[in-house]
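An overview of the molecular structure
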Number of protein chains: 2
Amino acid sequence: MEDRGLLIVLSGPSGVGKGTVRKAIFENHSNNFDYSISMTTRKKREGEVEGVDYFFRTKEEFEKLIEEDGLLEYANYVGNYYGTPMKYVNQTLDQGRDVFLEIEVQGALKVREKMPEAIFIFLSPPNLEELNSRIVNRGTDSDEMIKKRMKKAVEELKLIQYYDYVVENDTVENAARKIRNIIESEHLKVTRNLKEYAHIIEEME
Amino acid sequence: MEDRGLLIVLSGPSGVGKGTVRKAIFENHSNNFDYSISMTTRKKREGEVEGVDYFFRTKEEFEKLIEEDGLLEYANYVGNYYGTPMKYVNQTLDQGRDVFLEIEVQGALKVREKMPEAIFIFLSPPNLEELNSRIVNRGTDSDEMIKKRMKKAVEELKLIQYYDYVVENDTVENAARKIRNIIESEHLKVTRNLKEYAHIIEEME
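The structure presented is a predicted model; accordingly, all values stated were derived computationally and were not measured. (Residues numbered from 1 in each chain as written. Chains lettered and ligands numbered in written order. Predicted model: local features only at pLDDT ≥ 70, side-chain atom pairs only at ≥ 80, totals over all residues. Heavy atoms only, no water.)

A short note on the sheet that holds strand β6 (residues 80–85) of chain B
Note on sheets: strands pair through backbone hydrogen bonds, and any given pair is parallel or antiparallel. Residues and elements named next belong to chain B. As summarised here, the arrangement of the 4 strands in space is β4-β3-β6-β5, forming an open sheet in which the pairing is mixed. Among the strands making up the open sheet, the edge pair consists of β4 (55–56) and β5 (71–77). Judged from the 6 bridges that link them, β5 and β6 form a sheet pairing that is antiparallel. Paired with N76 across the two strands is Y81, which belongs to β6. Along the sheet, helix α2 (residues 59–67) contacts β3 (39–40), β5 and β6; its crossing angle with β6, the most-contacted strand, is approximately 45°. The strands that helix α3 (residues 86–94) touches are β5 and β6; relative to β6, the one it contacts most, it runs at about 20°. (Pairing = 2+ DSSP bridges. Helix = DSSP H or I, 4+ residues; strand = E, 2+ residues; numbered from the N terminus. Contact = heavy atoms within 4.5 Å. Axes fitted to C-alpha atoms, helices over the stretch in contact; angles between N-to-C directions.)

Structural data, given as structure tokens:
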């Protein structure tokens with residue numbers, strides 16, 4: 001039997017560029033991992049395809065799934081639900097394929113509780129020191145606004161401690177390459193290959 | 001102050017191609033890690049350079065260093081000592097640079113005891129199943145010889161459990177690339193970056 005796949009969770013502050021990096025990871029590459037498609041109750045936009053961009057569901061269907069504990073994580077943004085269907089994730093992992101999630105930080109914390117063995121990657125804004133002084137020195141914003149923005153940035157950064165890896169999004173190409181390397185390296189860990197080697201050793205003895 | 005560098009230990013069965021892979025890792029690449037030059041009591045061969053290929057020392061000098069606990073690991077092969085000078089390793093790590101060791105399996109186990117925080121990479125022979133049948137089916141060797149070779153191969157493979165990563169040496173290029181990726185990914189671990197982020201957060205608060 002093949003080993004179970006890895007669950008890879010990419011997350012980070014809103015606006016950091018998670019979606020762009022995720023697309024770059026999947027573009028022009030044959031991957032041994034599948035992107036987990038989210039489920040949502042928001043209206044389908046022009047050009048969006050069911051089962052490709054999202055699984056589009058009604059509010060009633062979504063809430064039924066919540067009750068059945070059928071979601072790995074979910075959240076409500078501006079009146080719409082967004083979530084990760086548990087069934088798809090588990091089926092893919094059982095087939096020995098990795099599953100790639102790209103979700104908001106709150107969702108990532110919920111996944112950490114349910115699946116602590118997953119690999120958690122935090123995408124961090126580049127040039128944090130610069131960002132810091134830029135927020136402070138921006139003359140057009142009120143003191144109140146600056147304070148609020150700083151507080152949110154700090155709160156999000158503090159979540160890094162719950163992650164396994166931190167990747168700075170300096171350029172999309174760099175960040176995507178680093179994330180691909182992390183996934184490859186995780187597969188080379190002895191703990192994930194011991195069973196295979198034990199089998200070979202047994203045959204040789 | 002800069003963080004301490006990582007100690008990376010590449011090891012594996014004799015004859016697996018450690019030296020070739022190590023050379024490929026260092027060739028044509030600007031690395032943030034230094035190769036740790038071994039110390040030996042064997043005679044300098046033509047073309048070898050002191051401080052480049054080895055530190056060449058007399059038996060007396062080497063044994064003095066053993067007494068002073070100045071070696072991270074050492075061994076005696078066919079009458080000559082080979083070892084890793086502790087001082088060079090620690091000085092380089094303290095400067096925030098990584099140190100790369102390529103050593104025999106017995107030496108690697110000793111380093112694991114002295115520096116458990118190091119990253120241990122096992123270079124594994126390719127096509128183990130094939131190797132297995134090749135050893136068994138090789139008609140020219142006596143049963144005694146086959147048994148002996150198998151026993152050694154199995155003993156060496158069993159050491160994988162003491163390592164962090166296992167890399168198959170299918171091609172030199174592949175193995176070198178994977179090892180470089182492992183080192184890069186290790187640097188992206190949150191545990192190694194938490195101090196830096198804590199500092200930025202403190203400034204922002």
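Let's talk about the pattern of salt bridges
For the structure on display, the rule yields 28 salt bridges over all chains. Here K152 of chain A ties to E156 of chain A by a salt bridge, and the two come within 3.3 Å at their closest N and O atoms. Placement of both K152 of chain A and E156 of chain A in helix α6 (residues 143–157) is noted, with a separation of 4 residues, approximately one turn of the helix. For R97 of chain B, the salt bridge identified is with D34 of chain B, shortest N-O distance 2.6 Å. (Salt bridge = Lys/Arg side-chain N within 4 Å of Asp/Glu carboxyl O.)

Focus on the packing of helix α1 (residues 18–26) of chain A against helix α7 (residues 172–187) of chain A
All names here are of chain A. At a minimum axis distance of 9 Å, the contact between α1 and α7 shows a crossing angle of 60°. In this structure, the crossing between α1 and α7 has a hand that is right-handed. In contact with T20, V21, A24 and I25 of α1, α7 contributes V172, A175, A176, I179 and R180. (Left-handed = near helix turned anticlockwise from the far one by under 90°.)

Considering helix α4 (residues 105–114) of chain B
Residue and element names in this part refer to chain B. Among all positions of α4, only V105, G107, A108 and V111 are buried. The buried side chains of α4 occupy one side of the element, clustering within an arc of 150° when seen end-on. Turning to α4, the residues buried within the fold contact β1 (7–11), β5, β7 (98–102) and β8 (119–124). (Buried < 20%, exposed > 50% of the residue type's maximum accessible area, 1.4 Å probe, protein only. Arc of directions from axis to C-beta.)

What to know about the sheet that holds strand β9 (residues 165–168) of chain A
Residue and element names in this part refer to chain A. Strand order in the open sheet formed by 5 strands is β2-β7-β1-β8-β9, and the pairing between neighbours is parallel. With one partner strand each, in any of the chains shown, β2 (33–35) and β9 form the two edges of the open sheet. Pairs of neighbouring strands in the sheet enclose a mean axial angle of 25°, with direction left out of account. Direction of pairing for β2 relative to strand β7 (residues 98–102): parallel, over a ladder of 3 bridges. Bridge pairing links Y35 to F100 in β7.

Description of the UniProt feature "binding site: ATP" (unreviewed entry) in chain A
All names here are of chain A. As recorded in UniProt, the sites labelled "binding site: ATP" (unreviewed entry) are G12, P13, S14, G15, V16, G17, K18 and G19. Relative to the assigned elements, G12 resides in the loop between β1 (7–11) and α1. Judged by relative accessible area, G12 falls into the buried class, the value being 0%. Excluding residues that lie within four positions of it along the chain, G12 makes contacts with K18, I103, V105, F122 and L123. As for its position among the elements, S14 is in the loop between β1 and α1. (UniProt positions renumbered as here; feature names shortened; annotations may be inferred.)

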